[in-house]
Amino acid sequence: MADEAQGQKSFQWLLLGAFGIGCLGDFLFYGKEFGISYPLFLIGMYAFFFWQARQRHHLTITSRQAFAWLLTVPIFLLGLTFFLYSNGFFHLVNFVLVPFLFVVQTMLLTKRHRAKWYTISFIGEVLETVLFYTLKYTRLPFILAKEWIKERVDREKYGVITKVLAGVGISVPILLVVLGLLSNADSVFGHFLSEIPSMLFDVGSAEALFRLLVIGLVTLVLFGYMYALLGQREARVELPVPKDEVGKIVWDGIILVTILTIINVVYAAFVFIQISYLFSGEEAALPDGVTYAEYAKNGFNELVSVTIINFIILLSTMHLASRAKPLLYRMVQILLSFLTVCTSFMLFSAYFRLSLYEEAYGYTHARLLAHAFMIFLFVLFVIALLKIWRNAFSLMKYYAIVALVSYVLLNYVNMDAMIAKNNLSRYYATGNIDIEYLSRLSYDAIPVIMELAKDKSVAASLQYRLEYKKEDLQEEKSWQSFNLARYWAKPYLQ
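Residues numbered from 1 in each chain as written. Predicted model: local features only at pLDDT ≥ 70, side-chain atom pairs only at ≥ 80, totals over all residues. Heavy atoms only, no water.

Side note on the overall build of the chain
A count of helices and strands for the chain gives 22 helices and zero strands. Across the 494 residues in the chain, those meeting the buried criterion constitute 38%. Across the chain, contacts joining residues at least 24 apart in sequence account for 74% of those joining residues at least 6 apart. Carbon together with sulfur atoms contributes 68% to the accessible area of the chain, which is approximately 29,400 Å² in total. (Helix = DSSP H or I, 4+ residues; strand = E, 2+ residues; numbered from the N terminus. Buried < 20%, exposed > 50% of the residue type's maximum accessible area, 1.4 Å probe, protein only. Contact = heavy atoms within 4.5 Å. Areas by Shrake-Rupley, 256 points an atom, 1.4 Å probe, with all protein chains shown as cover.)

Examining the pattern of salt bridges
Under the defined criterion, the tally for this structure stands at seven salt bridges. In this structure, Asp26 and Arg211 form a salt bridge, with 2.8 Å as the shortest nitrogen-oxygen distance. Taken together, the residues span a long stretch of sequence, with Asp26 in helix α1 (residues 2-29) and Arg211 in helix α10 (residues 203-230) at a distance of 185 residues. For Asp26, a relative accessible area of 16% puts it in the buried group. Among the ionic pairs, Asp472 bridges to Arg486, the shortest N-O distance being 2.8 Å. Here Asp472 is found in helix α21 (residues 467-474), whereas its partner Arg486 is found in helix α22 (residues 484-493), with 14 residues between them in sequence. (Salt bridge = Lys/Arg side-chain N within 4 Å of Asp/Glu carboxyl O.)

Regarding the packing of aromatic side chains
Tallied over the entire structure, the rule returns 31 aromatic pairs. Centroid distance Phe29 to Phe34: 5.2 Å. Interplanar angle 85°. Geometry classified as edge-to-face. Owing to a relative accessible area of 33%, Phe34 belongs among the partly exposed residues under this scheme. Where Phe34 meets Phe95, the ring centres are 5.4 Å apart and the plane angle is 35°; that geometry is what we call tilted. Of this pair, Phe34 sits in the loop between α1 and α2 (37-56) while Phe95 sits in helix α5 (residues 88-109), and the two are 61 residues apart along the sequence. A connected cluster of aromatic rings, assembled from ring pairs, spans Phe29, Phe34, Tyr38, Phe41, Phe82 and Phe95. One cation-aromatic arrangement involves Lys469 over Tyr443; the distance from NZ or CZ to the ring centre is 4.8 Å. (Phe/Tyr/Trp six-rings, centres within 6.5 Å; stacked < 30°, edge-to-face > 60°. Lys NZ or Arg CZ within 6 Å of the ring centre and 35° of its normal.)

Considerations on a nonpolar patch on the surface
Judged by side-chain polarity, Phe100, Ile123, Leu127, Val130 and Leu131 come together as a nonpolar surface patch covering roughly 410 Å² of accessible area. Top element by residues in the nonpolar patch is helix α6 (residues 120-137). It accounts for four residues. Within the secondary structure, Val130 is located in helix α6. According to the relative accessible area criterion, Val130 is partly exposed, its value standing at 32%. (Patch = residues over 30% accessible without salt bridge, like charges linked within 9 Å, V, L, I, M, F, W, Y side chains within 5 Å.)

Remarks on the nonpolar core
Counting 75 residues, the largest nonpolar core has Phe49, Leu441, Ile449 and Leu452 as its most contacted members. Per element, the largest residue contribution to this core is nine residues, and it comes from α5. Residues within four places of Leu452 in sequence aside, it is in contact with Leu424, Tyr427, Ile433, Ile435, Leu438, Val458, Ala459 and Leu462. By size, the runner-up hydrophobic cluster in this structure holds 34 residues, among which are Leu303, Val304, Met346 and Leu395. (Core = buried A, V, L, I, M, F, W, Y, C linked by side-chain atoms within 4.5 Å.)

Here's the deal with the packing of α21 against α22
The contact between α21 and α22 brings their axes to 10 Å, and the two run at 120°. It follows that α21 is oblique to α22 by the angle criterion. Where α21 crosses over α22, the handedness of that crossing is left-handed. Contact residues: Lys469, Lys470, Asp472 and Leu473 in α21; Arg486, Ala489, Lys490 and Leu493 in α22. Broken down by class, the residue content of the contact of α21 with α22 amounts to three nonpolar, no polar and five charged. (Axes fitted to C-alpha atoms, helices over the stretch in contact; angles between N-to-C directions. Parallel < 35°, antiparallel > 145°, perpendicular 65-115°, else oblique. Left-handed = near helix turned anticlockwise from the far one by under 90°. Nonpolar A, V, L, I, M, F, W, Y, C, P; charged D, E, K, R; others polar.)

Here we look at the confidence of the model for the chain
Overall, the predicted model of the chain reaches an average pLDDT of 80, with 77% of residues at or above 70. The weakest mean pLDDT in the chain belongs to helix α12 (residues 292-297) at 54; the strongest belongs to helix α4 (residues 72-84) at 95. Counting contacts from residues 1-5, a segment whose pLDDT is below 50, to residues more than four positions away or on other chains yields zero contacts. Note that pLDDT drops below 50 for residues 237-247; the model gives that stretch one contact with residues more than four away or on any other chain. (pLDDT = per-residue confidence, 0-100.)

Things to note about the environment of Leu80
Its location among the elements puts Leu80 in helix α4. Along the backbone, Leu80 and Ser37 are 43 residues apart, and their C-alpha atoms lie at a distance of 9.6 Å.

Focus: the packing of helix α15 (residues 365-389) against helix α17 (residues 415-430)
Interhelical geometry of α15 versus α17 gives an angle of 110° and a closest axis separation of 10 Å. On the basis of their axis angle, the class for α15 and α17 is roughly perpendicular. Along its contact with α15, which presents His365, Leu368 and Leu369, the element α17 presents Met415, Asp416, Met418 and Ile419.

Brief notes about α17
Relative to the 22 Å expected for 16 residues at 1.5 Å per residue, α17 spans 22 Å between its end C-alpha atoms, a close match to the ideal helical length. Residues of α17 that are buried: Met415, Asp416, Ala417, Ile419, Ala420, Asn423, Leu424, Arg426 and Tyr427. One or two steps after α17, the chain reaches Gly431, where phi turns positive at roughly 85°. (Expected span 1.5 Å × (residues − 1).)

Some points on the environment of Arg114
Of note, Arg114 is situated in the loop between α5 and α6. Taking relative accessible area as the criterion, Arg114 reaches 47% and is therefore assigned partly exposed. Spatially, the C-alpha atom of Arg114 lies 8.2 Å from that of Glu125, the residues being 11 residues apart in sequence.

What about unusual backbone geometry?
For Lys111, which is not a glycine, the phi torsion comes out positive at approximately 60°. Inspection of the secondary structure assignment puts Lys111 in the loop between α5 and α6. Owing to a relative accessible area of 53%, Lys111 belongs among the exposed residues under this scheme. In this structure, Asn414 takes a positive phi of about 60° despite not being glycine. With respect to the secondary-structure elements, Asn414 resides in the loop between α16 (395-412) and α17.

Focus on the side chain of Asp416
Residue placement: Asp416 occurs in helix α17. Nearest to the buried, unbridged Asp416 among oppositely charged side chains is Lys469, at 7.3 Å. For Asp416, the side chain forms a polar contact with the side chain of Ser442, separated by 2.6 Å. Asp416 has contacts with Asn87, His365, Leu441, Ser442, Asp444 and Ala445, leaving out every residue within four places of it along the chain. (Lys, Arg positive; Asp, Glu negative; His and termini not counted. Polar contact = N/O pair within 3.5 Å; in protein donor to acceptor, adjacent residues only side chain to side chain.)

The following block contains the structure:
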């Protein structure tokens, strides 16, 4: 009995903590833009998790859990972007990515997983925890309330109450249908019916009810998730996993060597042409009617597509190549290494073409992201090259780490300011600039853009197009929505 009472008390504290986080979210976010509120809410979530984890689970700092603890760094760095920067695209992605990383970290710390974190099976376990167990355990507070009522109300009264509630639950849907029909049948009755909500509730009380409903939903979801992490789950039967590779699909070595040799011959010729024409700037031998600028501009999408195809070939070959004949497999390794080198030249060619295109037509988000994507692909190919010669090397593990680190760095390069700087440099060199596009950049770019205010030829157009940003900054914002980029932009626009 003592253990049961202690369990119920712990159960109640978990529910109370979840309710506190729900209230904190309402205080920080309701009716407000994201700003410093996001990292503050993140701190509250961590405090709630560690408080409950210490009560129910022994957290340890070990080498096996190093990745789980290190996830705190990218989570907080991405959360801080809502305070430091005003790029809407990254805010949208981070709004989804930060909670996902928090779920991954808390599952790893509480050891609520069986698969390794860099496998597809682990993603399935994350989805199972969030979509199945979390929703399943949201009913526990209602069971607790039911037991609490049963203890304090005699059996006969409890039976009457449950029957009355059942009758209300059955009658509400019927009543809604009937009232709808009666309202259409008699307009006077319909008008009277529509006035009832305003007679019972004013706008303030209706808003308060809605906020309480949202707090309640957040409380139930957080409670369900934390209980899924820290509570007891039903015992599960583990299916045996065969150790051997019987039935595994493998590709014949001779076929692979033939395919890779043909592909590499084509790629070697392509790389030779790239070096001869594009990188050396030789214009004399270009085909008739093709200028050097057109030659540099065309083919970017095709090159990136070929690179992605090569990436798929590389991964599938490493996974499915037969290792039965060591000499053939060594030839496959050599050909895959050559394929990687040729693909790196293609990436460099695509990168160079895009740079020339930007010099001619200007710098945008899409083009800068394309640059970043090509650098990211190059790093993936370097890692794949290590995997070719070291079979025990975990490819997906390092791909996941590189992807996360790359995305965090992309958040902190201040993309909008970089775009503005490059476009200004292009303007000073060529006299061409797109004021309309620059004015659509976020507040991160304002300190750079306002350098154009000194140029009389574009100052009037710039001032006109930035007027809506100036008006937006003049609106009163709550302290929860405080954003450093907006704060730094304000004196420039005034």
